[in-house]
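# Residue-level structure breakdown
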Amino acid sequence: WPRSAAWTDGELRLGGIGVRELAARFGTPAYVLDEEEFLARCALWREALPDGEVHYGGKAFLCPEVVRWLEAAGLCLDVCTGGELAVAAAGGMDPARVVFHGNNKSVAELRRAVAWGVGCVVVDSFAEIERLAALAGEAGVRQRVMVRVTPGVAAHTHEFIATGGDDSKFGFSLNAGLAAEAVRRVLAAPSLELTGLHSHIGSQITDLGGFTLAARRMSGFLLAAEREHGVTIPRLDLGGGLGIVHRPGDPVPPGPAEVVAALREAVPARVRLAVEPGRSIAGPTTVALYEVGTVKEIPGVGTYVSVDGGMSDNPRPAMYGAAYTAILASRLSAAPPREVTVVGRHCESGDVLVRGLPLPADVRPGDLLAVPASGAYQRSMASNYNHVTRPPVVAVRDGSARVIVRRETEEDLLRLYS
Ligand code: LLP
């Protein structure tokens, strides 16, 4: 729960505002984001790495207001599409503080990034090295790049979000010798400047082992490449991936300071460290609010509690088997708990938000449920499945609330059709 979460007058309050008032003013479902929690999490990473760079992983959750918070907190930004670049520009981000990722950036995206003056492009394939060298040459600039390396580290996480193995679609394999060849080609391109090496082993990682192993392998490779070419490679970017707690009893991941200490130990002191936390900044800041619409008891089977959102605003349970929790947030209940399945409103049985959740037995239509740790990869992965409109993001702080991403309307949806 974000630090401002508190129970008063028989309801959950976020940023000093009761959930009943939030639901009445902004509707449900809604993502309620604790602004101070977001800034505090940025500061934790910043303080853990005062002599390095913290690039917020924009894919976790991005909008122009978030970009302004990053600027204020002294963070850089990692984007991976032209769309994320556009949001960075709309939020007034200094292009020099943006790193551009992606395994298949289009020529148009690369051209735009170079023209905008993006601080660094993380090259991901031989074709891209060639394309980027040509584009930078045409533009008459020397583009700073990092080479993305897959260090052959298996992160203990869901296979869909593990990216560090030799079989990954991302980057250049270290073990297969492709990474060494990529470094050679970048150094041979006069319009490219090699400023660092990059790796990212996966996401929602809760132990230090994988990070340390990747840091060691990447340091070894950096030193070997420096020796081979007689150059200095000033920076090592070890990506994001630190996990968060969703439910009581989940493994508690280390904090930013512990992660950085472990990386620092494995990396030569003169090398500038960079990290790209996304989830560990955005995730815990946000509570998803839903209203209960129906409660269905099936004798001998169980109880379904249906809410007014579902897999369109949180696809993670269906996609990754991610486990969440929820509480009855709009009133105190003395009823004994019973296990229910919280489901969404979509037309498929896999639309489950929480399984086996103990909720007071008197939960009824009109009640509000609150799902913590909903700030990362939820609004950013939300869809319009079944033509539902995507929920707003409401930032709360010191008793005031404002919309930083508005709710989509049916007009927004209908505008697409001819
Ligand atoms: N850097 C790179 C190059 C990445 O690919 C990612 C995430 C990050 C940084 C940020 O990682 P984080 O600190 O947020 O773990 N949709 C999935 C997560 C996909 C992560 C993709 N890359 C999910 O909902 O779990």
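Refer to the structure printed above.
Below: a short report on this structure. (Residues numbered from 1 in each chain as written. Predicted model: local features only at pLDDT ≥ 70, side-chain atom pairs only at ≥ 80, totals over all residues.)

Time to look at unusual backbone geometry. A cis amide bond links Thr 28 with the next residue in sequence, Pro 29, at an omega value of -10°. You will see that Asp 9, though not glycine, has its phi angle at about 50°, which is positive. Relative to the assigned elements, Asp 9 resides in the loop between β1 (6-8) and β2 (11-14). With 9 C-beta atoms packed within 10 Å, Asp 9 lands in the exposed category. Despite not being glycine, His 387 shows a phi value in the positive range, around 55°. Locating His 387 in the fold gives a position in the loop between β19 (368-371) and β20 (393-397). With 9 C-beta atoms counted inside 10 Å, the residue His 387 sits in the exposed group. (Helix = DSSP H or I, 4+ residues; strand = E, 2+ residues; numbered from the N terminus. Buried ≥ 20, exposed ≤ 12 C-beta atoms within 10 Å, placed from the backbone.)

Another point: the site of the ligand. In the vicinity of the ligand, 23 residues are found, and the nearest of them are Gly 57, Ser 203, Gly 240, Gly 278 and Tyr 377. Residue assignment for the shell around the ligand shows that the elements contributing at least two residues are α10 (279-282) and α11 (316-320). Of the residues contributing to the shell around the ligand, the split by class is eight nonpolar, ten polar and five charged. Of the domains in this structure, domain 1 (6-33 + 284-414) and domain 2 (61-277) are the two that each give at least three residues to the shell around the ligand. (Near = placed C-beta within 6 Å. Nonpolar A, V, L, I, M, F, W, Y, C, P; charged D, E, K, R; others polar. Domains from an automatic or database assignment.)

A separate point is the packing of helix α8 (residues 209-229) against helix α9 (residues 256-266). Running from N to C, α8 and α9 cross one another at 30°; their axes reach a closest spacing of 8 Å. When the interaxial angle is binned, α8 and α9 end up roughly parallel. Classified by chirality, the crossing of α9 by α8 is right-handed. On the side of α8, the interface is formed by Phe 211, Thr 212, Ala 215, Arg 216 and Ser 219, while α9 contributes Val 259, Ala 262, Leu 263 and Ala 266. Considering only residue class, the contact of α8 with α9 consists of six nonpolar, two polar and one charged. (Axes fitted to C-alpha atoms, helices over the stretch in contact; angles between N-to-C directions. Parallel < 35°, antiparallel > 145°, perpendicular 65-115°, else oblique. Left-handed = near helix turned anticlockwise from the far one by under 90°. Contact = placed C-beta atoms within 7 Å.)

This part is about the environment of Leu 194. Among the structural elements, Leu 194 can be located in strand β11 (residues 192-198). Each C-alpha atom, one on Leu 194 and one on His 101, is 15 Å from the other, the two residues being 93 residues apart in sequence. Dropping the residues within four chain positions of it, Leu 194 is found in contact with Val 145, Val 147, Val 183, Val 186, Leu 187 and Ile 233.

This brings us to the pairing of strand β5 (residues 53-57). Extensive coverage of β5 is indicated by the burial of five of its five residues. Where burial is concerned, the two faces of β5 agree: the one with Glu 53, His 55 and Gly 57 and the one with Val 54 and Tyr 56 are both buried. As judged from the two bridges shared by β5 and strand β13 (residues 272-275), these two strands associate in the parallel manner. Paired with Val 54 across the bridge in β13 is Val 275. Relative to strand β6 (residues 76-79), β5 runs parallel, the two sharing three bridges. Of the residues in β6, the one forming a bridge with Gly 57 is Asp 78. At this point the chain moves from β5, through helix α3 (residues 64-73), to the parallel β6, and the crossover so formed is right-handed. (Pairing = 2+ DSSP bridges. Right-handed = clockwise from strand over helix to strand, strands pointing away.)

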